[in-house]
Amino acid sequence: MTTAAQSIRELKAPAFSFELLPPLKGNSISRVYRTIDALKDFKPLFVNITSHRDEVVFRSADGGLYERKVTRKRPGTVAVAASIKHRYGIPVVPHIICSGFTRSETEYALIDLNFLGIHDVLLLRGDKAQRDRFYEPAEAGNAYAIELIEQVNNLNKGVFLDETLAEAFETPFSFGVAGYPEKHEEAPNLDSDLFWLKKKVDAGAEYVVTQMFFDNSKYFAFVEKCRAAGITVPIVPGLKPITLKNQLTVLPKIFHTDIPEDFAKALRTCKTDEEAARVGVEWTTMQARDLLDNGVKLLHFYTMMATQSVRKVAEQIY
Ligand code: FAD
């Protein structure tokens, strides 16, 4: 079975992959299928499925009070991955995160994936809880992606959390990790971020998928810095078409990425979200062409609220 990492390394022609979110709790998987139906013509090398921690929500209760509830709004990463693989035969890369999960829960998810024959994963620390100002690891959870990598490497050697299991089976997980062309928000500087990225690669990550960026020069500079730091694995660029006017300010705040002034100016003049989406498609298409012209083989697209825009970009590129 070819792993996602092998497929990336062996690419000869421009290729397409994308990330999608499991539906919000209460919604049907048909939303996921609609996204795949809209994009499968471009022969995705694989589809990533995100993973999400629990969040605290407050609901109105009697007497003007609020009730505090902890809820996982987007469960189902493993099941969504399995259903895509089963229904479409497209390779899947579910995300496994530290945030909000104990090591035991992570092990159960990995055991489920192994039973399902899904062995490609993207290993991440995960976002902080929306209620928190700072990231807090779960009690008995992994604090950083590197610790999660250690857990997966152990399973790959047949070492489970329950060390009494003698001669347990070895899993064949292959994994990628995240990288940040404009630096992770908590890193004191890019070199320090690359120090930890190199640790993740040295520990076995076979490729890096980047955070979204809107300025290709940031990606090219990042790749150059990675190579100088001895990070030699493929670095897959992550692209997101802007689809709403307010994303001009929302995306930089959430993803800590700059929007170049030319693009910002064009978005500022848009009167409607439809216009913004058109400008967004033009910009991402320009980015995609430039990346391919400069030797990049695989472009990875973020589809959240952008499936139709990703389709329009892909129609022009592939
Ligand atoms: P890490 O590699 O653990 O790094 C986190 C920070 O700590 C960095 O600043 C790093 O420099 C530093 N650092 C790393 N190791 C150490 C250490 N041992 N000691 C001290 N400092 C250290 N979030 C989700 O919740 N779900 C998802 O599905 C998801 N998918 C993503 C997909 C991609 C492609 C990307 C780019 C991001 C995704 N995220 C997702 C967001 C990601 O989880 C957050 O950006 C998170 O804050 C960092 O994750 P990481 O794996 O890069 O963390």
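For clarity, every value in this text was computed on a predicted model and none was experimentally measured. Positions within a chain are numbered from 1, following the residues in the order the chain's sequence is written. Where local features are concerned, this predicted model is filtered to residues with pLDDT of at least 70; where side-chain atom pairs are given and counted, the filter is 80 or more; whole-chain, interface and lining totals use all residues. In computing side-chain properties, one takes all heavy atoms of the structure into account and sets aside hydrogens as well as water.

**So, helix α2 (residues 30-39)**
Since the α-helix packs 3.6 residues into each turn, any two residues three or four apart lie on the same face.
Consideration 1: Listed in full, the buried residues belonging to α2 are Val-32, Tyr-33, Thr-35, Ile-36, Ala-38 and Leu-39.
Consideration 2: In this analysis, two residues are considered to be in contact whenever any of their non-hydrogen atoms come within 4.5 Å of each other. For helices the rule is a DSSP run of H or I covering at least 4 residues; for strands it is a run of E covering at least 2, with both sets numbered from the N terminus onward. Elements in contact with the buried residues of α2: β1 (15-20), α3 (77-88) and α11 (307-317). A 1.4 Å probe rolled over the protein chains alone gives each residue an accessible area, and that area as a share of the maximum for its type sets the label: buried under 20%, exposed over 50%, partly exposed in between.

**Regarding the packing of α2 against α11**
Helix-helix packing is described using two parameters, namely the angle between the two axes and the distance between the axes.
Consideration 1: The axes are straight lines fitted to the C-alpha atoms, using for helices just the contacting stretch, and the angles between their N-to-C directions are given from 0 to 180°. Remark: α2 packs on α11, axes separated minimally by 9 Å, with the N-to-C direction vectors making an angle of 15°. With respect to each other, α2 and α11 are oriented roughly parallel. For the crossing formed where α2 meets α11, the hand is right-handed. Facing α2, whose interface residues are Thr-35, Ala-38 and Leu-39, α11 presents Thr-307, Gln-308, Val-310 and Arg-311.
Consideration 2: Residue polarity is assigned by list, with Asp, Glu, Lys and Arg as charged and Ala, Val, Leu, Ile, Met, Phe, Trp, Tyr, Cys and Pro as nonpolar; anything else, Gly included, falls into the polar class. Among the residues making up the contact of α2 with α11, the classes are represented as three nonpolar, three polar and one charged. In this scheme, roughly parallel covers angles under 35 degrees and roughly antiparallel covers those over 145, while 65 to 115 is roughly perpendicular and the rest are oblique. Two helices crossing with the near one rotated counterclockwise from the far one by less than a right angle form a left-handed crossing, whereas a clockwise rotation gives a right-handed crossing.

**Brief notes about α11**
Consideration 1: Along α11, the residues classified as buried are Thr-307, Ser-309, Val-310, Val-313, Ala-314 and Ile-317. In a view along the axis of α11, the buried residues occupy a sector of 160°, so they form one face of it.
Consideration 2: Buried residues along α11 sit against β1, α2, α10 (273-293) and β10 (298-302). Arc, as used here, means the arc of the directions from the helix axis to the C-beta atoms.

**So, the site of the ligand**
Consideration 1: Neighbouring residues are identified by heavy atoms, a residue being near a molecule or strand if any of them is within 4 Å of it. Not every one of the 25 residues close to the ligand is listed here, only the nearest: Ser-51, Tyr-180, His-184, Asp-193 and Lys-200.
Consideration 2: Here an oxygen atom of the ligand and a backbone polar atom of Arg-125 are 2.8 Å apart.
Consideration 3: Pairs of N or O atoms are called polar contacts if they sit within 3.5 Å, as long as, within protein, a hydrogen donor faces a hydrogen acceptor (for residues adjacent in sequence, only side-chain-to-side-chain pairs). In the environment of the ligand, a nitrogen atom lies 3.5 Å from a nitrogen or oxygen atom belonging to the side chain of Trp-196.
Consideration 4: Using a 1.4 Å probe, accessible areas were evaluated by the Shrake-Rupley method; residue-level cover was limited to the displayed protein chains. Surface burial for the ligand is 89%, taken as the share of its 980 Å² of free accessible area covered by protein chains.
Consideration 5: Broken down by secondary-structure element, the contributors of at least two residues to the shell around the ligand are β5 (92-97), β6 (120-124), α5 (145-156), α6 (190-202) and β8 (208-212).
Consideration 6: Looking at the shell around the ligand residue by residue, the classes come out as 12 nonpolar, seven polar and six charged.

**Some remarks on unusual backbone geometry**
Consideration 1: Backbone geometry places His-256, a non-glycine residue, at a positive phi of 55°.
Consideration 2: Classification of His-256 by relative accessible area gives partly exposed; the value is 34%.
Consideration 3: The phi angle at Met-305 is positive, at roughly 55°, despite the residue not being glycine.
Consideration 4: Tracing the backbone shows Met-305 in the loop between β10 and α11.
Consideration 5: Under the relative-accessibility criterion, Met-305 is labelled exposed at 55%.

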